[in-house]
Amino acid sequence: MTEYVKKLLIFGPPGAGKGTQASRVTQDLGIPHIDTGSMIRENIARKTPLGLEAQSYVEKGELSPSEMVIRMISDRLKWDDAVNGWLLDGFPRSIEQAEALSVMGPDGGEVVERVLFIEVPEELLVQRLTSRRICGSCGAVYNLITLKPSKEGICDKCDGELIQRADDNEESVRNRFRVYRESTAPIADYYEGRGLIVSVDGQGGVEEVNERILAACIKA
Ligand code: AP5
């Protein structure tokens, strides 16, 4: 039987398909999808102290304060459902966060077993992001060009209303790319140095990319 690594990190530029692929691969492997972007958006919607602190950063496409996000992930990794594995999406996003994660193991050591680096050319990413729609109720991700819902504006899974994310306008998208290049892209070298990174071509259909991702999770 094929064996898979189950302590995974999915990494790549905004719009690379991290959320789309993460929701599929976590179902395939039976592990929780821990997505900092969605966790923060949920806090913003519920107007929690964390959400109120993060809101202005998210809307401008800036990173939320690291200390807050590190605490959020450190707590989440202690939940019962995370004992046998997890897939982190959106964390770490800077060397500071990667270093914090590297000591979150029970023995104070590295917890990540493999880093899936999804690569997609930038011109495709802008198109994907400006045509993305998400379900306001369950968070399912659609695309007006490549992944349309069966009924316009309605989620196939829960009949919720499809909305555009507050940070999917052109100005925020441009800023998210800048932040990605300056703060997040350097962590590829960090994980390369630790021998953990596997590159996955993110071009092509969702199912095609899903097959590549699953293959990249097979235990060596
Ligand atoms: P976050 O939600 O993580 O945003 P992001 O990294 O910019 O990533 P996206 O969600 O935009 O893209 P994705 O790669 O998941 O693409 P998707 O699958 O949707 O973070 C948002 C904000 O939260 C940050 O800016 C920051 O403020 C804050 N934050 C989060 N984490 C933080 C942290 N650790 N520290 C500090 N702040 C943090 O796909 C995009 C579109 O393409 C969709 O429409 C999809 O349907 C379509 N698509 C996907 N795959 C394909 C395909 N193969 N073919 C065709 N279309 C496709």
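Peer 1: Explanation requested: the overall build of the protein chain in the structure shown.
Peer 2: Each helix and strand counted, the protein chain has nine helices and eight strands in total. Relative to a compact globule of 220 residues, whose C-alpha radius of gyration would be 17 Å, the protein chain shows 17 Å and is just as compact. Projected onto the principal axes, the alpha-carbon positions of the protein chain cover approximately 50 × 40 × 35 Å. Across the 220 residues that make up the protein chain, the buried fraction comes to 49%. Once local pairs closer than 6 in sequence are excluded, the contacts in the protein chain between residues at least 24 apart make up 68%. Averaged over its 27 positive side-chain charges, the protein chain has a centre that lies 2 Å from the centre of its 35 negative ones.

Peer 1: When you look at the sheet that holds strand 5 (residues 132-135) in this model, what are you seeing that I'm missing?
Peer 2: What holds strands together in a sheet is hydrogen bonding between their backbones, with the strands either parallel or antiparallel. Taken in spatial order, the three strands make up an open sheet running 6-5-7, and their pairing is antiparallel. Across the chains shown, the open sheet's two edge strands, defined by having one partner strand only, are strand 6 (141-143) and strand 7 (162-163). Pairing geometry for strand 5 and strand 6, over three bridges, is antiparallel. The partner of I134 across the bridge, within strand 6, is V141.

Peer 1: Looking at this model, I keep getting lost on the pattern of salt bridges. Mind explaining?
Peer 2: Where charged atoms from two side chains of opposite charge approach closely, those side chains can pair. Inspection of every chain in the model, using the stated rule, returns 15 salt bridges. Salt-bridge contacts for E122 lead to R181; the nearest nitrogen and oxygen are separated by 3.1 Å. Here E122, found in helix 6 (residues 122-130), pairs with R181, found in helix 7 (residues 170-184); they are 59 residues apart in sequence, far enough to count as distant. Look at R181 and you get partly exposed, because its relative accessible area is 48%. Ionic pairing is found between E182 and R178, a salt bridge with its closest N-O pair at 3.0 Å. Here E182 and its partner R178 are both found in helix 7, four residues apart, which amounts to about one turn of the helix.

Peer 1: Sorry, what's going on with helix 7 here?
Peer 2: Within an α-helix, residues lying three or four positions from one another point in the same direction, as the helix has 3.6 residues per turn. Along its 15 residues, helix 7 runs 20 Å from first to last C-alpha, staying within 8% of the 21 Å computed at 1.5 Å per residue. Buried within helix 7 we find S172, V173, N175, R176, F177, V179, Y180 and T184. Buried residues belonging to helix 7 abut strand 1 (7-11), helix 3 (49-60), strand 4 (114-119), helix 6, strand 5 and helix 8 (186-193). Two to three positions downstream of the cap, the backbone nitrogen of E171 sits 3.2 Å from a side-chain oxygen, assigning the N-cap of helix 7 to N169.

Peer 1: Please clarify how the nonpolar core should be interpreted in this entry.
Peer 2: Soluble globular proteins tend to pack their nonpolar side chains together in the buried interior. Of all hydrophobic cores here, the largest spans 32 residues; its most connected members are L88, L101, V112 and Y191. Among the elements that line this core, the one with the most residues is helix 4 (residues 66-76), at five residues. Excluding anything up to four places from it in sequence, L88 contacts L8, L9, I10, I34, I73, L77 and L101. Listed in part, the 22 residues of the second largest apolar core include V5, L8, I10 and V120.

Peer 1: Quick question: what am I supposed to make of the side chain of S131 here?
Peer 2: Mapped onto the fold, S131 is located in the loop between helix 6 and strand 5. At 2.7 Å, the side chain of S131 forms a polar contact with the backbone oxygen of Q127. Apart from residues lying up to four places away in sequence, S131 is in contact with Y142, N143, L144 and I145.

Peer 1: Hey, could you run me through the site of the ligand in this one?
Peer 2: Near the ligand lie 36 residues; those nearest to it are T20, E62, R93, R132 and R176. Residue R93 places a side-chain N or O atom 2.5 Å away from an oxygen atom belonging to the ligand. One of the side-chain N or O atoms of Q97 is found 2.9 Å from a nitrogen atom in the ligand. Out of a free accessible area of 1,100 Å², the ligand has 96% covered by protein chains. Of all the secondary structure elements, the ones that give two or more residues to the shell around the ligand are helix 1 (18-29), helix 2 (36-45), helix 6, strand 6 and helix 9 (206-216). When residues of the shell around the ligand are assigned to their parent elements, the largest contribution, four residues, is made by helix 2.

Thresholds applied
- Residues numbered from 1 in each chain as written.
- Predicted model: local features only at pLDDT ≥ 70, side-chain atom pairs only at ≥ 80, totals over all residues.
- Heavy atoms only, no water.
- Helix = DSSP H or I, 4+ residues; strand = E, 2+ residues; numbered from the N terminus.
- Rg over C-alpha atoms; globule rule 2.2 N^0.38 Å.
- Buried < 20%, exposed > 50% of the residue type's maximum accessible area, 1.4 Å probe, protein only.
- Contact = heavy atoms within 4.5 Å.
- Lys, Arg positive; Asp, Glu negative; His and termini not counted.
- Charge placed at Lys NZ, Arg CZ, Asp CG, Glu CD.
- Pairing = 2+ DSSP bridges.
- Salt bridge = Lys/Arg side-chain N within 4 Å of Asp/Glu carboxyl O.
- Expected span 1.5 Å × (residues − 1).
- Polar contact = N/O pair within 3.5 Å; in protein donor to acceptor, adjacent residues only side chain to side chain.
- Core = buried A, V, L, I, M, F, W, Y, C linked by side-chain atoms within 4.5 Å.
- Near = heavy atom within 4 Å.
- Areas by Shrake-Rupley, 256 points an atom, 1.4 Å probe, with all protein chains shown as cover.

Everything listed here is a matter of coordinates, which is why it stays silent on function.
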